[in-house]
Structures are given as C-alpha cells and as structure tokens.
Amino acid sequence: MATKKPIHQLTAAQFDKAFPDEEACCAYLVGKKWPKGVRCPRCGAENPTELKRNPWHWQCYQCAPQSSYRFSHITGTIFENTNKPLRAWFKVIHLMLTSKKGMSALQIYRYMGFGSYKTAWYMAHRVRAALAAQKFEKLGGIVEVDETFVGGLAKNRHWDKRGGGGGTGGVGSGKTPIVGAVSRKGNAVCRVIENVRASTLTGFVNEVVSHKVSLLCTDQWTGYRRLAKDYPLGVIDHARGEYVIGAVHTNTIEGFWSIFKRGVVGTFHKVSRKYMPLYVAEFQFRYNNRENPDIFGAAIGHC
Ligand SMILES: [Zn+2]
C-alpha cells in the first residue's frame, strides 16, 4: 500500500507554537493568500490602502475610485461570514488533516467545545468543499483504475460488487458508486458517479488519465474493455482469482478504498450520496499530500 509513510502533521505543541493567538493566524493566512503582497481580491490591484484603525482590512481605489472597495484577510475565503475566530478554524483543519480516517463533526464538536454540533458540522463541510476545489494534472506513469460502492447495508464483496442490472451497480442497494484512478507513487483522483457503465467509466478515465501512461491497470469488468483502444491496458481477472501479474494489479487503488471505507464506516458511520463527494475530496486530499511536509499550509491555501 502506498500510504505507509505517516502523514506529516503538526503536533499539538507545534500547532500552539505556530498559532499562539488570532494575530498569528491572520498573519499566516495573509502570507498564504498573498505571498507577494496584498492584492485587491476584486480587481487584483497591488498595494491597497491599509486601514490603520481596522487591522487586516484594506481598501482599494482602483476598482472603486469614489467609495473604495473594502476587504479583509478573509474576504473570499471559507472563513468569511462566520463568527468563529480563525484560530478555531485552523484547529478544526488541523484535526481533520491529522486523523487518517477523518474526524466526525461530533468528535470535532466535543473536542473544540463548540456550543452546537451544527457549527462543527458546517465548518467541516466548508473545509471539505475547499479541498474539493483542488485541480490536478492528468495522471501518468502506471495508473490503476477501479470503482467501488460505499454505504448501504449489503456486503460489498469485490467479486460481486457490480451486482445485477447491467452496470447500474449499487442502484437500489443504497450504495454510492465511486470511481477512482491512482498513479502509483502519485496522486489519486476519485469521483462519485451515477453508474458503472462503460461510458461513465471511460469518460472519467479519458478526463483524468494521460494517454501517455506506461500502463493502465483495471480488473476484468467489461466497462473498462474499450479503454484498450486508447491506453496500454493491463487487466487483472479477480473472478479467476488473479491478483498480481507482473506490474498488473489494482492494489494501490484498493488500498485507497479500504482507508476510505474504514473512514466512512468507522468514523462517519453513514454518509448520504449528497455529501459523499465532500468526504471523497477529504480523503483524496490527505492521500495526495501524504508526503507533503506542509499539508496544513496546502490546505489553508485552498480555503
Ligand atoms: Zn480593487
């Protein structure tokens, strides 16, 4: 499994040292948002006027010469329009990033001592939505593609995961189908899908996987067969008890599914289809930054 290396994370002590107070959090966010100096978020003008009496606020006369446009360090971020201090947000993000299987809103609510569960739920979802906006280059090298079904009650044994119904998969079972592609030693890209038909799966692969890969590994599902036209396709037949033939296997993506499912089952218990893309984004982000020494900074950069 490609996730053996521990996720780099700030310890609680390191977090407290880096962010002793709200000021430190504001300065950190400004540094992440505007590494080359503050710019107007609306028109991009450099050197907006600092409001001396109102720290972390600026006004831009470029896009509003008469009245000036006022903005702050949190304008346009997920931290806007909330009454929680930045330090609470940072702590929540830190908690979410440091737990391999994710942290439920209930856990966050209790740990943070928020007044309501709803606050924790809302904050965690906003963070996930920010992480979901991450963009990727097409995957290259050796890439594995696989789909899975998450949620629902029925057992999810690999060899009968597609069930009946000609590729409609989990429809009726309460399960949500998800397709994923992972570059060995690289990134994973996963997406919640409507069904596991050939058109859906090949559409996803064409969108996220480079045609210049050295090998594309799938299992024997007929939905993948037409990929052989555009990709060097290696098929492993699980139905025949095959799991590894030379470089052909799907163990990396299956490792990702197993972490994701343990998270969904063990931490979040039940995730509806509506919110599944947000959880997928969270796990994908942690996976793709598993060797990033500044995973926290990367996350803040997306907020
Ligand atoms: Zn402006």
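Small disclaimer: the values here were computed from a predicted structure and weren't measured.

### Re the overall build of the chain
Tallying secondary structure elements over the chain gives nine helices and eight strands in all. When the 303 residues of the chain are sorted by exposure, 48% land in the buried category. For the chain, the computed accessible surface area is about 15,300 Å², with 53% contributed by carbon and sulfur atoms.

### A few points about unusual backbone geometry
Backbone geometry follows two general trends: most residues other than glycine have a negative phi, and most peptide bonds adopt the trans configuration. With a phi angle near 50°, Asn-47 is a residue other than glycine that sits in the positive phi range. Relative to the helices and strands, Asn-47 resides in the loop between helix 2 (22-33) and strand 1 (49-50). Of note in this structure, Asn-81 is not a glycine but carries a positive phi near 60°. Within the element layout of this structure, Asn-81 appears in the loop between strand 3 (69-72) and helix 3 (86-98).

### Side note on the coordination of the zinc ion
Octahedral metal centres with six donors ideally show angles of 90 or 180 degrees, and tetrahedral centres with four donors ideally show 109.5 degrees. Bound to the zinc ion on the protein side are Cys-40 (SG), Cys-43 (SG), Cys-60 (SG) and Cys-63 (SG), at distances that span 2.2 to 2.4 Å. The site at the zinc ion holds four donor atoms, and with the angles between them running 100 to 115°, its shape is tetrahedral. A relative accessible area of 27% means that Cys-63 is categorised as partly exposed.

### Brief notes about the sheet that holds strand 7 (residues 215-219)
Strand order in the open sheet made by the five strands is 6-5-4-7-8, with mixed pairing throughout. With partners counted over all chains shown, the strands left at the sheet margins are strand 6 (188-192) and strand 8 (233-236), one partner each. Strand-to-strand, the axes of this sheet are offset by a mean angle of 20°, without reference to chain direction. Both strand 7 and strand 8 contribute to a ladder of four bridges, which runs parallel. Pairing of Cys-217 across the sheet is with Gly-234, part of strand 8. Sitting on the sheet, helix 7 (residues 251-266) is in contact with strand 4 (142-150), strand 5 (176-183) and strand 6, with an inclination near 30° to strand 4.

### Focus on the nonpolar core
Membership of the largest hydrophobic core comes to 32 residues, with the highest contact counts inside it found for Phe-79, Phe-90, Ile-93, Ile-108 and Phe-296. Going through the elements one at a time, helix 2, helix 3, helix 4 (105-112), helix 5 (117-132) and helix 9 (295-302) are the ones with two or more residues in this core. Considering each element in turn, this core owes the most residues, nine residues, to helix 3. Not counting the four nearest positions on each side in its chain, Phe-79 is found in contact with Leu-29, Ile-74, Leu-86, Trp-89, Phe-90, Ile-93 and Cys-303. In terms of nonpolar packing, the next biggest core, distinct from the first, is built from 20 residues, Val-145, Ala-181, Val-213 and Tyr-224 among them.

### Describing the confidence of the model for the chain
Considering every residue of the chain, the mean pLDDT works out to 88; 90% of them sit at 70 or more. For the stretch residues 1-7, pLDDT sits under 50, and the model shows 15 contacts to residues farther than four places along the chain or on other chains.

### Considerations on the packing of aromatic side chains
We describe a pair of aromatic rings using the distance from one ring centre to the other and the angle between the two ring planes. The final tally for this structure, using the stated rule, is 19 aromatic pairs. Judged by centre distance (5.1 Å) and plane angle (80°), the ring pair of Phe-19 and Phe-90 falls under edge-to-face. Of this pair, Phe-19 sits in the loop between helix 1 (12-18) and helix 2 while Phe-90 sits in helix 3, and the two are 71 residues apart along the sequence. Phe-90 carries the same exposure label as Phe-19, and that label is buried. Ring centres 5.6 Å apart and planes at 80° place the aromatic pair Phe-90 and Phe-296 in the edge-to-face group. Here Phe-90, found in helix 3, pairs with Phe-296, found in helix 9; they are 206 residues apart in sequence, far enough to count as distant. In this pair, the class of Phe-90 matches that of Phe-296, namely buried. An aromatic cluster of at least three residues, connected via ring pairs, comprises Phe-15, Phe-19, Tyr-28, Phe-79, Trp-89, Phe-90 and Phe-296. Positioned above the aromatic ring of Tyr-69 is the side chain of Arg-42, whose terminal nitrogen or guanidinium carbon lies 4.1 Å from the ring centre. Geometry around Phe-283 places Arg-286 over its ring, the cationic atom sitting 4.5 Å from the centre.

### Looking at the pattern of salt bridges
Throughout the structure, instances matching the rule amount to eleven salt bridges. Salt-bridge contacts for Arg-87 lead to Asp-16; the nearest nitrogen and oxygen are separated by 3.3 Å. Note that Arg-87 is positioned in helix 3 and Asp-16 in helix 1, a separation of 71 residues in sequence. The partly exposed category is assigned to Arg-87, whose relative accessible area is 25%. Two residues, Asp-230 and Lys-229, come together in a salt bridge whose shortest N-O distance is 4.0 Å. In the salt-bridge network here, residues are joined through shared partners; they are Asp-16, Arg-87 and Lys-91.

Reading the values: the criteria
- Residues numbered from 1 in each chain as written.
- Predicted model: local features only at pLDDT ≥ 70, side-chain atom pairs only at ≥ 80, totals over all residues.
- Heavy atoms only, no water.
- Helix = DSSP H or I, 4+ residues; strand = E, 2+ residues; numbered from the N terminus.
- Buried < 20%, exposed > 50% of the residue type's maximum accessible area, 1.4 Å probe, protein only.
- Areas by Shrake-Rupley, 256 points an atom, 1.4 Å probe, with all protein chains shown as cover.
- Donors = N, O, S within 2.8 Å, 3.2 Å for Na, K, Ca; no water.
- Tetrahedral: all angles 85-135°; square planar, octahedral: opposite > 155°, others 65-115°.
- Pairing = 2+ DSSP bridges.
- Axes fitted to C-alpha atoms, helices over the stretch in contact; angles between N-to-C directions.
- Contact = heavy atoms within 4.5 Å.
- Core = buried A, V, L, I, M, F, W, Y, C linked by side-chain atoms within 4.5 Å.
- pLDDT = per-residue confidence, 0-100.
- Phe/Tyr/Trp six-rings, centres within 6.5 Å; stacked < 30°, edge-to-face > 60°.
- Lys NZ or Arg CZ within 6 Å of the ring centre and 35° of its normal.
- Salt bridge = Lys/Arg side-chain N within 4 Å of Asp/Glu carboxyl O.

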